[in-house]
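A structural walkthrough
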Amino acid sequence: MATGLRIIVGLVGGLGLFLLGIDLMGEGLQKAAGERMRRFLELFTSNPLTAVATGAIVTALLQSSSTTTVMIVGFVNSGLMTLAQAAGTIMGSNIGTTITAQLVSFDIYSFALPFIGISALVHFFARKKILRHVGLGFLGFGLLLLGLGTMSSSVHPIREYEGFLNLLVTFGNMPLLGILAGAVFTIMLQNSAATTGLVIAFASQGIMGLPAALAVIVGANLGTCFTVILASVGANITAKRAALSHVLFNTFGVLLFIIFRNPFIKTIMFTSDTVARQVANAHTLFNIITALILF
């Protein structure tokens, strides 16, 4: 098989495993929590601080900020949540979505198969339903790691393709292009974690530098708004405002990144020796700082 085709097959297959892993992980944890998670989201959002914390926790469990924000828009539309509650929870969801990047940025790909094997046994043979759901969640995490490991190893030969490397350098020198690429890719996949995972795979192989990686990730944040905008179509005016708060939050974050890009990059470089960890740390710190400023 030609090198180019091998890279494409590895990327597509790895991305498929990664997306399936995120889906199963979210499904398993959501089923384990059951309706309690929905009730938790309704009850613990009256205070602005607890709303942010609740949004972060629920999104970390669901493994999707889009799912959380769509739920929030639904709650606001049905009168279960006010706009103020929704805004705080949406801020938290942006922080919670960075948990996946933190997990996969560590070099733990070798644990993927043991995770899959043990979790599958628990899921299929455990007597208690909650254990089966937890097993499904960890099975998803194992597939996520396997997918990311597959992507990482498949992109290794790309370091020899000068044209592609020059494109990534352009993303670093012209961040607006990187932001656009991250937004479009996230809209296509409907999952910002997949975009982040792909960036970490490139970074771990030394293909993508920190400036280009951050531009793409900031764009991924913006791309998540598309799903929420669609969810607000046909909703009442308050639910539309809740969806707009998500768009404004991420747009403000993009503007902050463009203005303070260079000092932010220099600061992040002190957080770790590896670019993959720097990317994950930047993703988390960026969303926390944006939330604190808007809070």
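Described below are features of the structure shown in this document. (Residues numbered from 1 in each chain as written. Predicted model: local features only at pLDDT ≥ 70, side-chain atom pairs only at ≥ 80, totals over all residues. Heavy atoms only, no water.)

1. Observations regarding the overall build of the chain
Summing up its helical and strand segments, the chain has 15 helices and zero strands in all. For the chain, with 295 residues in total, the buried portion stands at 52%. Counting only contacts in the chain whose residues sit at least 6 apart along the sequence, the fraction spanning at least 24 positions is 79%. For the chain, the exposed surface amounts to about 13,500 Å²; the carbon and sulfur share of it is 71%. (Helix = DSSP H or I, 4+ residues; strand = E, 2+ residues; numbered from the N terminus. Buried < 20%, exposed > 50% of the residue type's maximum accessible area, 1.4 Å probe, protein only. Contact = heavy atoms within 4.5 Å. Areas by Shrake-Rupley, 256 points an atom, 1.4 Å probe, with all protein chains shown as cover.)

2. Some thoughts on the packing of aromatic side chains
Using the criterion set out here, one finds four aromatic pairs in the structure. Summarising the aromatic geometry, the rings of F115 and F138 are spaced 6.0 Å apart at their centres and angled 25° between planes, so their arrangement reads as stacked. Of this pair, F115 sits in helix α7 (residues 112–125) while F138 sits in helix α8 (residues 129–154), and the two are 23 residues apart along the sequence. Ring centres 5.1 Å apart and planes at 80° place the aromatic pair F115 and F141 in the edge-to-face group. A residue pair is termed long-range when its members are at least 10 positions apart, and F115 in helix α7 and F141 in helix α8 qualify at 26 residues. Judged by relative accessible area, F115 falls into the partly exposed class, the value being 26%. By way of ring pairs, the aromatic residues F115, F138 and F141 are connected into one cluster. (Phe/Tyr/Trp six-rings, centres within 6.5 Å; stacked < 30°, edge-to-face > 60°.)

3. Points about the packing of α7 against α8
Between α7 and α8, the shortest axis-to-axis distance is 8 Å and the interhelical angle comes to 160°. Relative to α8, the element α7 is oriented roughly antiparallel. Judged by the sense of rotation from one axis to the other, the crossing of α7 with α8 is left-handed. Counting all contacts with α7, which are made through A112, L113, F115, I116, S119, A120, V122 and H123, the residues of α8 involved are L131, R132, G135, L136, F138, L139, F141, G142, L143, L145 and L146. (Axes fitted to C-alpha atoms, helices over the stretch in contact; angles between N-to-C directions. Parallel < 35°, antiparallel > 145°, perpendicular 65-115°, else oblique. Left-handed = near helix turned anticlockwise from the far one by under 90°.)

4. Quick look at the side chain of N221
Mapped onto the elements of the fold, N221 is located in helix α12 (residues 210–223). A distance of 2.9 Å separates polar atoms of two side chains, one belonging to N221 and the other to N287. (Polar contact = N/O pair within 3.5 Å; in protein donor to acceptor, adjacent residues only side chain to side chain.)

5. What to know about the nonpolar core
Membership of the largest hydrophobic core comes to 44 residues, with the highest contact counts inside it found for F18, M151, V199, M208, L214, F257 and V279. At the level of elements, α1 (3–33), α6 (99–104), α8, α11 (192–204), α12, α14 (237–268) and α15 (275–294) are the ones that each hand at least two residues to this core. With 15 residues, the next largest nonpolar core counts I72, V73, V76 and A242 among its residues. (Core = buried A, V, L, I, M, F, W, Y, C linked by side-chain atoms within 4.5 Å.)

6. Some details on a nonpolar patch on the surface
On the surface, a cluster of nonpolar side chains totalling about 490 Å² of accessible area is made up of M174, L177, L180, V184 and M188. Relative to the assigned elements, L177 resides in helix α10 (residues 175–189). (Patch = residues over 30% accessible without salt bridge, like charges linked within 9 Å, V, L, I, M, F, W, Y side chains within 5 Å. Salt bridge = Lys/Arg side-chain N within 4 Å of Asp/Glu carboxyl O.)

7. Section: α10
Between its first and last C-alpha, α10 extends 21 Å over 15 residues, near the 21 Å set by a 1.5 Å rise per residue. Taken from the residues just after α10, Q190 is the one with a positive phi, measuring 55°. (Expected span 1.5 Å × (residues − 1).)

8. Some thoughts on the environment of A101
In this fold, A101 is placed in helix α6. Look at A101 and you get buried, because its relative accessible area is 4%. The spatial distance from the C-alpha of A101 to the C-alpha of R277 is 8.8 Å, given a sequence separation of 176 residues. Setting aside its immediate chain neighbours within four residues, A101 contacts T196, I200, A280 and H283.

9. Quick word on the side chain of T186
Within the secondary structure, T186 sits in helix α10. On the basis of relative accessibility, which here comes to 2%, the residue T186 falls in the buried class. For T186, the side chain forms a polar contact with the side chain of T195, separated by 2.8 Å. Setting aside residues up to four positions removed in sequence, T186 forms contacts with N191, S192, T195, A220, G223 and T224.

10. Topic: α12
With 14 residues, α12 ought to run about 20 Å at 1.5 Å a step, and its terminal C-alpha atoms sit 20 Å apart, in line with that. Of all 14 residues that make up α12, 12 are buried, and the element is covered over most of its length. Among the residues making up α12, those that are buried are L210, A212, A213, L214, A215, V216, I217, V218, G219, A220, N221 and G223.

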